[in-house]
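Observations on chain architecture
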Amino acid sequence: MGSTGTVLRELRGAQKSAKGVSLYSRYVNRPAGRVLAAGAYRAHLTPNQVTLTSALFTYGALASVALVEPSWTLAVLVYAALAVGFAFDSADGQLARLTGRGGPDGEWLDHVVDCGKLLLVHTAVLISFHRFGELPSDAWLLLPLGFQLAAVLTFCAGLLREHLGKANGPGARSPSWAEPEPPAAPVSRVRAVALLPADYGVFCLVFLLLGAPEAFRAGYAVLAAVHTLFLAAFLAKWFRELKALRAG
């Protein structure tokens, strides 16, 4: 393949559908991932190496949240590392679709890294609260545990919905991270906006408040409540869809 511009054009033609994707992922994270995927292609990296690069940025940032006293400098560095890690998380699948080098091992590794991320991000906040936060009440220590439950349950239930859909009807099958999707119906802009609070990239913005502990706790609590509401909505939706597959 030729120049970086040629690679970028090829990547734009191998994007997954925007259905069920928030505006942040569609207009910020995926384009950033496309640039990183082009760079990774030029550097002869494999999709799995890109996945591990994503883990390096993300897990390093989360370790800093747990181990370093909050400050505005830490806030900027943590957010930047999380945003870059998330962009690399998009780049691995784009690179796999571009090169045709994706496979079950890559999809498995991608999900393992994502699951670890969801566990660690809220564990890091819990440790930070305990070590550095002057909390109004010890009850605040329960908040990261509740947020973690909502995040992991959404992730696992979504994966099960996808794989049970594959097993129970060809019409319900969702392409893997390394497969381009067929053309779909126009994407609802309203839905894309409504999904913004549930987007991991939007969630990462709260770490810009680390320098102001009270503001960070408030923002984190609001996002926890929103994610819990989304979890309830997603569970009801996925249950109805799987029940419809059985009826069909």
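Bear in mind that the values here come from a model prediction, so they are computed numbers and not experimental data.

Attention shifts here to the overall build of the protein. Scanning the protein from N- to C-terminus turns up 9 helices and 0 strands. Ordered by position in the sequence, the α and β elements of the protein form the string α-α-α-α-α-α-α-α-α. For the protein, the proportion of contacts with a sequence separation of at least 24, taken over those separated by at least 6, is 82%. Accessible area for the protein stands at about 12700 Å²; split by element, carbon and sulfur atoms hold 66% of it.

This part covers the packing of helix H3 (residues 47-67) against helix H5 (residues 104-132). The axes of two packed helices give the description: the angle between them and the distance between them. Where H3 meets H5, the closest approach of the two axes is 8 Å, and the angle between their N-to-C directions is 10 degrees. With respect to their mutual orientation, H3 and H5 come out roughly parallel. Among the residues forming the contact of H3 with H5, the class breakdown is 16 nonpolar, 6 polar and 4 charged.

Moving on: the environment of Lys117. Tracing the sequence through the fold places Lys117 in helix H5. The residues contacting Lys117, other than those within four sequence positions of it, are Thr58, Tyr59, Leu62, Phe86, Asp89 and Tyr200.

Here we come to the environment of Ala38. With respect to the helices, strands and loops of the structure, Ala38 is situated in helix H2 (residues 23-42). The class of Ala38 is buried, set by a relative accessible area of 1%. Between the C-alpha atom of Ala38 and that of Leu95, which follows or precedes it by 57 residues, the distance is 7.5 Å.

Inspection of every chain in the model, using the stated rule, returns 4 salt bridges. Among the salt bridges present, the one from Lys117 reaches Asp89, with a minimum N-O distance of 3.6 Å. Separated by 28 residues along the polypeptide, Lys117 in helix H5 and Asp89 in helix H4 (residues 72-99) bring together distant segments of the chain. No difference in accessibility class separates Lys117 from Asp89, as the two residues are buried. Between Glu241 and Arg161 there is a salt bridge, and its shortest N-O distance comes to 2.8 Å. Remark: Arg161 occurs in helix H6 (residues 142-168) and Glu241 occurs in helix H9 (residues 213-247); sequence separation between them is 80 residues. Taken together, the salt bridges that share partners define one network made up of Asp89, Asp114 and Lys117.

Looking now at a nonpolar patch on the surface. A cluster of nonpolar side chains, Val76, Leu205 and Leu208, forms an exposed patch at the surface whose accessible area comes to about 230 Å². Inspection of the secondary structure puts Leu205 in the loop between helix H8 (200-204) and H9. Owing to a relative accessible area of 38%, Leu205 belongs among the partly exposed residues under this scheme.

Further remarks concern the packing of H4 against H5. The N-to-C vectors of H4 and H5 enclose an angle of 160 degrees; their axes lie 11 Å apart at closest approach. By the angle class used here, H4 and H5 are roughly antiparallel. Handedness of the H4/H5 crossing: left-handed. Contact with H4, carried on its side by Phe86, Asp89 and Asp92, involves Asp110, Asp114 and Lys117 of H5 and no other residues of that element. In terms of residue class, the contact of H4 with H5 is made up of 1 nonpolar, no polar and 5 charged.

Taken as a whole and assessed by the stated rule, the structure comprises 13 aromatic pairs. With centroids separated by 6.4 Å and ring planes inclined at 10 degrees, the aromatic side chains of Tyr24 and Phe86 adopt a geometry described as stacked. Linking Tyr24 in helix H2 with Phe86 in helix H4, this pair joins segments that are 62 residues apart in sequence. Note on accessibility: Tyr24 and Phe86 belong to one class, buried. Through pairs of rings, three or more aromatic residues link up here, namely Tyr24, Phe86, Phe129, Phe147, Tyr200, Phe203, Phe207, Phe216 and Tyr220. Geometry around Tyr200 places Lys117 over its ring, the cationic atom sitting 4.2 Å from the centre. The positively charged end of Arg217 is found above the aromatic ring belonging to Trp140, 5.5 Å away from the centroid.

Scoring rules and cut-offs
- Residues numbered from 1 in each chain as written.
- Predicted model: local features only at pLDDT ≥ 70, side-chain atom pairs only at ≥ 80, totals over all residues.
- Heavy atoms only, no water.
- Helix = DSSP H or I, 4+ residues; strand = E, 2+ residues; numbered from the N terminus.
- Contact = heavy atoms within 4.5 Å.
- Areas by Shrake-Rupley, 256 points an atom, 1.4 Å probe, with all protein chains shown as cover.
- Axes fitted to C-alpha atoms, helices over the stretch in contact; angles between N-to-C directions.
- Parallel < 35°, antiparallel > 145°, perpendicular 65-115°, else oblique.
- Nonpolar A, V, L, I, M, F, W, Y, C, P; charged D, E, K, R; others polar.
- Buried < 20%, exposed > 50% of the residue type's maximum accessible area, 1.4 Å probe, protein only.
- Salt bridge = Lys/Arg side-chain N within 4 Å of Asp/Glu carboxyl O.
- Patch = residues over 30% accessible without salt bridge, like charges linked within 9 Å, V, L, I, M, F, W, Y side chains within 5 Å.
- Left-handed = near helix turned anticlockwise from the far one by under 90°.
- Phe/Tyr/Trp six-rings, centres within 6.5 Å; stacked < 30°, edge-to-face > 60°.
- Lys NZ or Arg CZ within 6 Å of the ring centre and 35° of its normal.

Note that every value here comes from positions in space, so none of it alone points to a role or purpose.
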